[in-house]
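Commentary on secondary and tertiary structure
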Amino acid sequence: GAGVSQSPSNKVTEKGKDVELRCDPISGHTALYWYRQRLGQGLEFLIYFQGNSAPDKSGLPSDRFSAERTGESVSTLTIQRTQQEDSAVYLCASSLAPSAEQFFGPGTRLTVL
Amino acid sequence: TQLLEQSPQFLSIQEGENLTVYCNSSSVFSSLQWYRQEPGEGPVLLVTVVTGGEVKKLKRLTFQFGDARKDSSLHITAAQPGDTGLYLCAGENSNSGYALNFGKGTSLLVTP
């Protein structure tokens, strides 16, 4: 596909379990972003990757959250020991360059019971 | 944190009506962006405003950036059911040069 894809589209997990969310950016896009959108809220920045530079982790809410990106391709966001307050839609975006338009995926809806 | 306040939070109108939604901040932004998000999808960029006082038009949508670059508005003329969605404004994040700060959005429902 031509757009950003994310998987799974929905994830239900139990409190305390670890989850891994995947993002496939648009081919050739060097920048990749993760955001979180809680119900009724705007998007909160989590982490930003640019090429092979060290990621900007300034938005991660706790050390239970981590993310990796292999080169300029797939990224995974991992949440360890999930809590109910982690329930949200996790959105990934990519852009051709750091200051260029960000294209968003459809998101992964995470529900922590 | 640079807060972006959007109003109103919810808006329900009938087809053909006009409406304006607002995005306000106490901080100055080099640019502001407006997105529309539909259920189950990610936000889609509508417009970027860069210059204070700038007005941009996109069909029936008119976007304005305040002279002081702290606020913006979106005006829709003769709203249609297809305009239904969540309208989000966003500006650069002062802690991360390229990530965005988003407002909470205005949820618009246009009924036939």
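It should be emphasised that the depicted structure is a prediction, and the values quoted were computed from it without experimental measurement. (Residues numbered from 1 in each chain as written. Chains lettered and ligands numbered in written order. Predicted model: local features only at pLDDT ≥ 70, side-chain atom pairs only at ≥ 80, totals over all residues. Heavy atoms only, no water.)

The next point concerns the overall build of chain A. Scanning chain A for helices and strands turns up zero helices and ten strands. When the elements of chain A are put in sequence order from the N terminus, they spell out β-β-β-β-β-β-β-β-β-β. Computed over C-alpha atoms, the radius of gyration of chain A comes to 13 Å, within 12% of the 13 Å expected from 2.2 N^0.38 for 113 residues, which places it in the range of a compact globule. With the principal axes as the frame, chain A shows a C-alpha extent of 35 × 25 × 25 Å. Going through the 113 residues of chain A one by one, you find that 48% of them count as buried. Nonlocal contacts in chain A, meaning residues at least 24 apart in sequence, comprise 55% of its contacts between residues at least 6 apart. For chain A, the separation between the mean place of its 11 positive charges and that of its 12 negative charges on side chains is 5 Å. (Helix = DSSP H or I, 4+ residues; strand = E, 2+ residues; numbered from the N terminus. Rg over C-alpha atoms; globule rule 2.2 N^0.38 Å. Buried < 20%, exposed > 50% of the residue type's maximum accessible area, 1.4 Å probe, protein only. Contact = heavy atoms within 4.5 Å. Lys, Arg positive; Asp, Glu negative; His and termini not counted. Charge placed at Lys NZ, Arg CZ, Asp CG, Glu CD.)

A few words on the sheet that holds strand β3 (residues 19-24) of chain B. All names here are of chain B. Ordered by their spatial adjacency, five strands build an open sheet running β1-β3-β8-β7-β6, and the pairing between neighbours is antiparallel. The open sheet has two free edges, formed respectively by β1 (5-7) and β6 (55-58), since each of these has just one partner strand. Looking at each pair of strands side by side, their axes are set apart by 15° on average, direction ignored. Bridging between strand β7 (residues 61-65) and strand β8 (residues 71-76) involves five bridges; their strand directions are antiparallel. (Pairing = 2+ DSSP bridges. Axes fitted to C-alpha atoms, helices over the stretch in contact; angles between N-to-C directions.)

All right, on to the state of the cysteines then. Residue and element names in this part refer to chain A. Overall, the coordinates contain two disulfides over all chains when judged by the stated rule. Between the sulfur atoms of Cys23 and its disulfide mate Cys92 the distance is 1.9 Å. Residues Cys23 and Cys92 are joined through a disulfide that is left-handed, its torsion about the S-S bond being -60°. Here the residue Cys23 occupies a position in strand β3 (residues 19-24), and Cys92 occupies one in strand β8 (residues 88-95), the gap between them amounting to 69 residues. Each member of the pair, Cys23 together with Cys92, is buried. (Disulfide = S-S within 2.5 Å.)

So, on to the interface of chain B and chain A. Where the parts come together, the accessible area they lose is often given as the size of the interface. Counting residues at the interface gives 18 residues for chain B and 19 residues for chain A. Buried surface at the junction of chain B and chain A, both sides included, amounts to about 1,400 Å², of which 57% is carbon and sulfur. Considering only the side of chain B, the residues that lose the most area to chain A are Tyr98, Phe102 and Lys104 of chain B, jointly responsible for 35% of the buried surface there. On inspection of chain B and its partner chain A, the count reaches zero salt bridges. Examining the composition of the side of chain B that touches chain A, we find that five residues originate from one element, strand β10 (residues 96-102) of chain B, more than from any other. The residue makeup of the side of chain B that touches chain A, split by class, is nine nonpolar, seven polar and two charged. (Buried area = accessible area lost by both parts, 1.4 Å probe. Salt bridge = Lys/Arg side-chain N within 4 Å of Asp/Glu carboxyl O. Nonpolar A, V, L, I, M, F, W, Y, C, P; charged D, E, K, R; others polar.)

All names here are of chain A. According to the stated counting rule, one finds eight salt bridges over all chains in the structure shown. For the salt bridge of Arg22 with Asp24, the shortest nitrogen-to-oxygen distance reads 2.8 Å. Accessibility expressed as a relative area gives 37% for Arg22, which makes it partly exposed. When the shortest N-O distance is used, the salt bridge between Arg36 and Glu44 registers 3.3 Å. Residue classification places Arg36 among the buried residues on the basis of a relative accessible area of 3%. For Glu44, a relative accessible area of 30% corresponds to the partly exposed category. Salt bridges linked by common partners bring Arg36, Arg38 and Glu44 together as one network.

By themselves, these are just geometric observations and shouldn't be taken as functional.
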